[in-house]
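# A structural walkthrough
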Amino acid sequence: MAGVSLENWQERIRDPKIECMSRDEMSALQSKKLVDLVHRVYNNVEFYRKKMDDLGIEPGDIKGIEDIGKLPFTTKEDLRDNYPFGLLAVPQKQIARVQGTSGTTGKLTLASYTQKDVEVWGECVARALTMAGLTAEDRIHVCYGYGLFTGGMGLDLGAQALGAMAIPMSAGNTQRQMMCMEDFGATAFACTPSYAVYLAESIQEAGLVDHMQLKAGIHGAEPWTEEMRKKIEDILHINCFDIYGLCEITGPGVALDCIHHEGLHVYEDHFYPEILNPSTQEPCADGETGELVFTTLSKEGMPLLRYRTKDLTSIDHSTCKCGRTLPRISKFTGRTDDMKVIRGVNVFPTQVETALLSMGGGVAPHYLMIVDRENNMDVLTVMVEVDERYFSDEIRKLDELKNKVGAVLKQALGVSVRVKLVEPKTIQRSEGKAKRVIDNRQM
Ligand code: DLL
């Protein structure tokens, strides 16, 4: 059984030339790619030609990466308005694959990839898997969904590029996941962090932890906390890594955290990150939180200029302990659109998660936030599952726990919260992205 920690950890870097490149060399590479990209989109994408004309910019005005601020933004709404193939920079017959994500309303967001885009994607995920300590010897159990969602396909492409064994389980059927994981000797697994906790608990309950050969978990597609990472690691005795991506840029494989867990390294030779103040769109300094904006430097099929992700993070350009110079973005606090303003206070689901896990027991990290408006006042109710081991019929004990949870949440969020304790396993589990918030105020 592998252990958690830096002991017996061997650093592996798939592409040291790029991943450890000096800042000057990286800027030169990015500049060259940006100049080429701007010409490509201006000449081939009506939408960008019009946007640049409106701003009075010509491709020749962009001389290097330092000119990126002159370029127009792209939003999710722009993608919807040009759905499905209006933003292609190549003829449709060169598109090898489409991937998508379903928003909460309306049409899905669709992204188109050429064969080369697919290869770059696989290579980025292979870099990420290497960062997580995996090699061609490994067996990667993929329980992200396969389909338009990029999770399953992305991890699969990465395993292939690495030369490892992909186990394409897709999502669902936890009993079967556990059986295959054990029988096929999976050494790593990939799924959302919320499903990883559920799967880890199920493996533990079935007494199968020691039967597994797992050493790494690759989790992302939704925000999760350091406490959640430690929980999965402690149950399964593995190292877990945070993988980030979005279908518009490429799926998983835009960034991954290394063993030091001090931020996620962005593959900036392909995806140029900017962190901007969401209101003023001015650049944030290193360490300051803002909206993550990406320009796809290498994409052929559907390249995007300054795509506003709505994800909130900060960036650090210093060299990491692992030796990589790739900048690191901090773990995501949330999105501009999943932040809830409750009685004037900004609240993110991840704050609830951190607070619950900091209690050191009593409750499980399975929760649901419900926001209502009563008598013109916002009311936040947090439904929390009582941990199986602490579950008791004694009303007094449950009352004590409820009060404790209420106090911990109030301290963490800065607003008072109604706590509703529920029995273990009653909050619906998701095999994909977990639903953490229901806001009834908008109905
Ligand atoms: O969720 C791609 C992905 C699949 C990433 C598997 C990692 C693993 P979309 O469905 O397009 O793509 O959703 C993208 O999910 O803008 C973030 O808000 C959120 N997200 C993705 N990864 C993380 C993460 C995939 N590690 C949206 N932490 C993004 C926090 C994440 N949020």
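As recorded in an unreviewed UniProt entry, the protein goes by the name Phenylacetate-coenzyme A ligase, listed as coming from Claveliimonas bilis. Under Sequence similarities (unreviewed entry), UniProt gives the following word-for-word description of the protein: "Belongs to the phenylacetyl-CoA ligase family."

### Topic: the overall build of the protein
Per the secondary structure count, the protein includes 11 helices and 21 strands. Computed over the C-alpha atoms, the radius of gyration of the protein is 22 Å, within 12% of the 22 Å expected from 2.2 N^0.38 for a compact globule of 443 residues. With the C-alpha coordinates of the protein rotated into their principal frame, the extents come out at 75 × 60 × 40 Å. Counting over 443 residues, the protein shows a buried share of 55%. Sequence separation of at least 24 residues holds for 67% of the intrachain contacts in the protein that already meet a minimum separation of 6. Of the roughly 18,800 Å² of accessible surface on the protein, 49% is carried by carbon and sulfur atoms. Taken as two groups, the 51 positive and 63 negative side-chain charges of the protein have centres that lie 3 Å from each other.

### Some details on the pattern of salt bridges
Tallying each qualifying case throughout the model produces 34 salt bridges. Where E77 meets K310, a salt bridge forms, and the shortest distance between an N and an O atom there is 4.0 Å. Pair noted here: E77 is in helix 4 (residues 76–81) and K310 is in strand 12 (residues 307–313), with a separation of 233 residues, a long-range link. Assessed through its relative accessible area of 38%, E77 is described here as partly exposed. Under the relative-accessibility criterion, K310 is labelled partly exposed at 27%. In this structure, D378 and R373 form a salt bridge, with 2.7 Å as the shortest nitrogen-oxygen distance. Taking relative accessible area as the criterion, D378 reaches 9% and is therefore assigned buried. Look at the salt bridges and you will find they share partners, linking K340, R373, D378, D439 and R441 into a network.

### Comments concerning the layout of surface pockets
Estimated volume of the second largest pocket: approximately 510 Å³. What lines the second largest pocket is a set of 24 residues, among which E201, K231, V363, D387 and R389 lie closest to the centre. Taken together, the elements giving at least two residues each to the lining of the second largest pocket come down to helix 8 (193–205), helix 9 (226–236), helix 10 (349–358), strand 18 (363–374) and strand 19 (377–386). Here the residues of the lining of the second largest pocket are counted per class, giving 8 nonpolar, 4 polar and 12 charged. The two domains that each donate at least three residues to the lining of the second largest pocket are domain 1 (1–333) and domain 2 (340–442).

### Some words on the nonpolar core
The biggest cluster of nonpolar side chains holds 80 residues, and the ones touching the most others in it are L34, I218, Y244, L256, F294 and I329. Those residues in contact with I329 that sit more than four places away from it in its chain are Y244, A255, G263, L264, V266, I275, L292, T313, S314 and I315. Listed in part, the 28 residues of the second largest apolar core include M181, A186, C191 and L357.

### Notes on the site of the ligand
Taken together, 21 residues are adjacent to the ligand, and T101, D242, I243, D311 and K433 come closest. Contacts to the ligand include D242, whose side-chain N or O atom sits 2.7 Å from a nitrogen atom. R335 is positioned with one of its side-chain polar atoms (N or O) 3.2 Å from an oxygen atom of the ligand. Contact with the protein chains hides 95% of the accessible area of the ligand, taken as 610 Å² for the molecule alone. Where the shell around the ligand is concerned, the elements lending two or more residues are helix 6 (150–162) and strand 7 (239–246). It is strand 7 that contributes the most residues to the shell around the ligand, 5 residues altogether. Each residue belonging to the shell around the ligand can be placed in one class, and the counts come to 10 nonpolar, 5 polar and 6 charged.

### Focus on the environment of A136
Structurally, the position occupied by A136 is in the loop between helix 5 (115–131) and strand 3 (139–142). It is 43 Å that separates the C-alpha atoms of A136 and M383, two residues lying 247 residues apart in sequence.

### Focus on the domain arrangement of the protein
Taken domain by domain, the protein holds domain 1 (1–333) and domain 2 (340–442). Taken residue by residue, the interface counts 22 residues in domain 1 and 16 residues in domain 2. Of the roughly 1,700 Å² buried at the junction of domain 1 and domain 2 (both faces included), carbon and sulfur atoms supply 59%. Summed over the shared surface of domain 1 and domain 2, the number is 1 salt bridge. With a closest N to O distance of 3.1 Å, E205 and K425 form a salt bridge. Here domain 1 and domain 2 share 6 residue pairs in polar contact (both at pLDDT 80 or more) between them. Going through the elements one at a time, helix 8 and helix 9 are the ones with two or more residues in the side of domain 1 that touches domain 2. No other element matches the 6 residues that helix 8 contributes to the side of domain 1 that touches domain 2. A per-class count over the side of domain 1 that touches domain 2 returns 11 nonpolar, 6 polar and 5 charged.

### Looking at helix 3 (residues 46–55)
Residues F47, Y48 and M52 constitute the buried set of helix 3. Down the axis of helix 3, the smallest arc covering the buried residues is 120 degrees, so these residues share one side. Opposite the packed face of helix 3, turned more than 90 degrees from it, sit the exposed residues E46 and D54. Buried-residue contacts for helix 3 involve helix 2 (23–44) and helix 4.

Conventions adopted
- Residues numbered from 1 in each chain as written.
- Predicted model: local features only at pLDDT ≥ 70, side-chain atom pairs only at ≥ 80, totals over all residues.
- Heavy atoms only, no water.
- UniProt positions renumbered as here; feature names shortened; annotations may be inferred.
- Helix = DSSP H or I, 4+ residues; strand = E, 2+ residues; numbered from the N terminus.
- Rg over C-alpha atoms; globule rule 2.2 N^0.38 Å.
- Buried < 20%, exposed > 50% of the residue type's maximum accessible area, 1.4 Å probe, protein only.
- Contact = heavy atoms within 4.5 Å.
- Areas by Shrake-Rupley, 256 points an atom, 1.4 Å probe, with all protein chains shown as cover.
- Lys, Arg positive; Asp, Glu negative; His and termini not counted.
- Charge placed at Lys NZ, Arg CZ, Asp CG, Glu CD.
- Salt bridge = Lys/Arg side-chain N within 4 Å of Asp/Glu carboxyl O.
- 1 Å grid on protein atoms, 1.4 Å probe; cavity = no way out; pocket = protein on both sides within 12 Å on 5 of 7 lines; lining within 4 Å.
- Points joined across faces, edges and corners; volume = space filled by probe spheres on them.
- Nonpolar A, V, L, I, M, F, W, Y, C, P; charged D, E, K, R; others polar.
- Domains from an automatic or database assignment.
- Core = buried A, V, L, I, M, F, W, Y, C linked by side-chain atoms within 4.5 Å.
- Near = heavy atom within 4 Å.
- Polar contact = N/O pair within 3.5 Å; in protein donor to acceptor, adjacent residues only side chain to side chain.
- Buried area = accessible area lost by both parts, 1.4 Å probe.
- Arc of directions from axis to C-beta.

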